[in-house]
Amino acid sequence: MSEQESLRCSSARNRGGVQRVEGKLRASVEKGDYYEAHQMYRTLYFRYMSQAKHAEARELMYNGALLFFSYNQQNSAADLSMLVLEVLEKSKGKVEDEILECLVKLFSLMDQNSPERVAFVSRALKWSTGGSGKLGHPRLHQLLALTLWKEQNYSESRYHFLHSSDGEGCAQMLVEYSASRGFHSEVDMFVAQAVLQFLCLKNKNGASVVFSTYTEKHPSIEKGPPFVQPLLNFIWFLLLAVDGGKLTVFTVLCEQYKPSLKRDPMYNEYLDRIGQLFFGVPPKQSPSYGGLLGNLLNSLMGSGEEDDMAEEAQEDSSPIELD
């Protein structure tokens, strides 16, 4: 027998063994012996891990978590979900779409208000940084954003869309968010905030896509440009100015639309950052902004990042969190 055939036979035997074990565990759960089944899952987890059977351990924990979720055993399911992540961490598993989809499936089944859910997503994002993206893999952020959108948790969904590459999805979510939760007079503010934050994250393409898609699909926005709402015209001109990179254009633009920019005190804070990123504006002497606005801006940019502004060519090195 060749080595390849031997490996296939071994894999088949392992799969058969996992299936037999799962059958016994399922029977225990179906009888209502939840605690006993949970402890058996944990015992098997440590046994598989000690034998470096990472794939088997991950599969068993994943299926076990789904089983417990189906019986509304949230604590046991969350515990096994954490063990799925532990396997990935210890085995240095590759970031692949299939794995990310499995993680988000577990996330979607967790109690939306549970601390375990917060811990799970934080740990999953941290693990996924082994792929692309310092703050979590963009694909994982996208899947989380879509899940939270379905739950109508728009603010959390927006956060994850901002760190994904899905500007179109973000715009469509914002249209629904605006229509269901916002005032008619605020239709321009929903997209303005998103565009400015995308630019603060140095994502010009995402900013452009979210703006064009939102203004095209929102039922309360007449076709433009130019637009009826001055703030939308400002954002449109700003995106053009970012491509040109001319400081004089940026300065005149901000001065011309000052009344519209007063509608949200955070706009000028975002624009200070955008001026530094795209127009060569030197950073302020103060290392950080003061008060509530400073706290909000620092949470967006990541603490300590202002010091890096003098060396703009470098990438941001701090975590970015959005409210």
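Residues numbered from 1 in each chain as written. Predicted model: local features only at pLDDT ≥ 70, side-chain atom pairs only at ≥ 80, totals over all residues. Heavy atoms only, no water.

Looking at an unreviewed UniProt entry, one finds the chain named Golgi to ER traffic protein 4 homolog and attributed to Takifugu bimaculatus. The Subcellular location (unreviewed entry) field of the UniProt record for the chain holds the comment "Cytoplasm, Cytosol". (UniProt positions renumbered as here; feature names shortened; annotations may be inferred.)

**Q** Looking at this structure, I do not really get the overall build of the chain. What am I missing?
**A** Counting its regular elements, the chain contains 16 helices and zero strands. Taking all contacts inside the chain whose residues are at least 6 apart in sequence as the whole, residues at least 24 apart take part in 60%. Of the roughly 16,600 Å² of accessible surface on the chain, a fraction of 50% belongs to carbon and sulfur atoms. (Helix = DSSP H or I, 4+ residues; strand = E, 2+ residues; numbered from the N terminus. Contact = heavy atoms within 4.5 Å. Areas by Shrake-Rupley, 256 points an atom, 1.4 Å probe, with all protein chains shown as cover.)

**Q** Any chance you could explain the side chain of Thr147 here in plain terms?
**A** Mapped onto the elements of the fold, Thr147 is located in helix H7 (residues 138-150). The contact partners of Thr147, leaving out residues within four places of it in the chain, are Val104, Phe107 and Ser108.

**Q** Help me out: how do you make sense of the confidence of the model for the chain in this one?
**A** Any region with low pLDDT has predicted coordinates that should not be read closely. Averaged over all residues, the pLDDT of the chain is 86; the fraction at 70 or higher stands at 81%. A low-confidence stretch, residues 1-12 stays under pLDDT 50, and its non-local contacts, those more than four residues away or across chains, total two contacts. A low-confidence stretch, residues 301-322 (pLDDT under 50), is modelled with 50 contacts involving residues beyond four sequence positions or located in other chains. (pLDDT = per-residue confidence, 0-100.)

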